[in-house]
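Coordinate inspection notes
What follows is the residue order along each chain.
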Amino acid sequence: MKFSLCQMDIVPGDPEANRKRVQEWIESTVQNENPDTIVLPEMWTTAYTLPQLEEIADHDGEPSRSFLQQLAQQHDVNLIAGSVANKKEDGIYNTAIVIDRKGNAVYEYDKAHLVPMLDEPQYLQGGKKRPEVFELEGLKIGLIICYDLRFPEIIRPLALDEAQALFIVAEWPEARANHWENLQIARAIENQMYVLSANRIGNYNGVEFSGRSMVVNPWGDVLEKGSQHKEEVITTTLDLEKVKQVRKDVPIFESRVPHLYD
Ligand SMILES: NC(=O)CCC(=O)C(=O)O
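Residues numbered from 1 in each chain as written. Predicted model: local features only at pLDDT ≥ 70, side-chain atom pairs only at ≥ 80, totals over all residues. Heavy atoms only, no water.

By the naming in an unreviewed UniProt entry, the protein chain goes by Amidohydrolase and is assigned to Alkalibacillus filiformis. For the record of the protein chain, the UniProt heading Sequence similarities (unreviewed entry) holds the text "Belongs to the carbon-nitrogen hydrolase superfamily. NIT1/NIT2 family." (UniProt positions renumbered as here; feature names shortened; annotations may be inferred.)

See the structure below:
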């Protein structure tokens, strides 16, 4: 399966403008790269305009879900469609959305860990469930949102449930870019799976975001890395034999001693 990671800038607080941009990105990415799956960054409808979210967040995933379903179907492409600010009954969540190429809503996940450094806990609710493995065309996938990357506790169960690739949708700041890069490599090595990420670029409210979207293989080799400042699309294919081979050569899942871990 061929994946295109969209390393975009985001217009703060203007979902309509961002939907127009995402539509253009999807159209040009399909035309230029012909991927099976396109990946978008975190909070791409609004960016971190947290005080405005009461007015501009989606309601129960709409209109983003329908907008993405229509685009996926029209362009015959799966969408790991980043995340959006999403108002539910008890507050606003940071919700990741996955749509398959037939337009089916395959999976949604509310970001579990809220990032204090960007004031998320003051404005958002944390997700109540851990991420689960879902499938796109036979590939077993885990999906987390940005700050979740720092919590190996929620990523290990995805590997134990046979995820072959972990996707990270992000708005990760430049100030902690070394953590961004090294944690992705660590998660790939310790879980022996591909790690692919789509991070935004640009600035908002005095924070510079770091780009550097990545593709890391299950051995921890960085196969692709986006630049720091430029909007770009990174396209890659995954060799699933590599997951099997690494798990065979260094059989950590057979060596685990679960009764010591509680
Ligand atoms: N959007 C985020 O979750 C940012 C995470 C972050 O800044 C960090 O973990 O550092």
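There is more to say after this.
The next thing to look at is the confidence of the model for the protein chain. For the protein chain, per-residue confidence averages 98 on the pLDDT scale, and 100% of positions sit at 70 or higher. At the low end of the mean pLDDT range in the protein chain sits strand β12 (residues 207-210), at 96; at the high end sits strand β9 (residues 165-170), at 99. Model confidence for the complex: the whole-complex pTM is 0.98, and ipTM, which rates the interface, is 0.99. (pLDDT = per-residue confidence, 0-100. Helix = DSSP H or I, 4+ residues; strand = E, 2+ residues; numbered from the N terminus.)

Before going further, it helps to examine the site of the ligand. Close contacts around the ligand come from 13 residues, with Glu-42, Lys-111, Cys-146, Arg-150 and Arg-176 the closest. A distance of 2.7 Å is found between an oxygen atom of the ligand and a side-chain nitrogen or oxygen belonging to Lys-111. Tyr-147 places a main-chain nitrogen or oxygen 3.0 Å from an oxygen atom of the ligand. Burial of the ligand by the protein chains amounts to 100% of its free accessible area of 300 Å². (Near = heavy atom within 4 Å. Polar contact = N/O pair within 3.5 Å; in protein donor to acceptor, adjacent residues only side chain to side chain. Areas by Shrake-Rupley, 256 points an atom, 1.4 Å probe, with all protein chains shown as cover.)

On to the UniProt feature "domain: CN hydrolase" (unreviewed entry) in the protein chain. When the UniProt feature table is mapped onto this chain, "domain: CN hydrolase" (unreviewed entry) is found at residues 1-240. Segment residues 1-240 splits into 27% helix and 33% strand. End C-alpha atoms: 10 Å apart.

Once that is clear, we can look at the side chain of Arg-200. Relative to the helices and strands, Arg-200 resides in the loop between β10 (194-199) and β11 (201-204). Under the relative-accessibility criterion, Arg-200 is labelled buried at 0%. Polar side-chain contacts of Arg-200 include one of 2.8 Å to the side chain of Asp-9. Here the side chain of Arg-200 touches Glu-171 through a polar contact of 3.3 Å, side chain to side chain. (Buried < 20%, exposed > 50% of the residue type's maximum accessible area, 1.4 Å probe, protein only.)

Taken across its 6 residues, β9 has 6 buried, putting it largely inside the fold. Alternating positions in β9 separate into two faces, Ala-165, Phe-167 and Val-169 on one and Leu-166, Ile-168 and Ala-170 on the other, with burial throughout. Between the parallel pair strand β8 (residues 139-145) and β9, the chain is carried across by helix α5 (residues 152-160), and the sense of this crossover is right-handed. Examined bridge by bridge, β9 and β10 share 6 bridges and lie parallel to one another. By the bridge assignment for β10, Ala-170 is matched with Asn-199. Crossover connection from β9 via helix α6 (residues 177-191) to parallel β10: handedness right-handed. (Right-handed = clockwise from strand over helix to strand, strands pointing away. Pairing = 2+ DSSP bridges.)

The next subject is the pairing of strand β1 (residues 2-7). Each regular strand shows side chains that alternate between the opposite faces of the sheet. Here β1 lies mainly inside the structure; 5 of its 6 residues are buried. Pairing between β1 and strand β15 (residues 232-237): 6 bridges, direction antiparallel. Opposite Lys-2, over in β15, you have Thr-237 as the bridge partner. Relative to strand β2 (residues 37-39), β1 runs parallel, the two sharing 3 bridges. Considered in β2, the bridge of Phe-3 is made with Thr-37.

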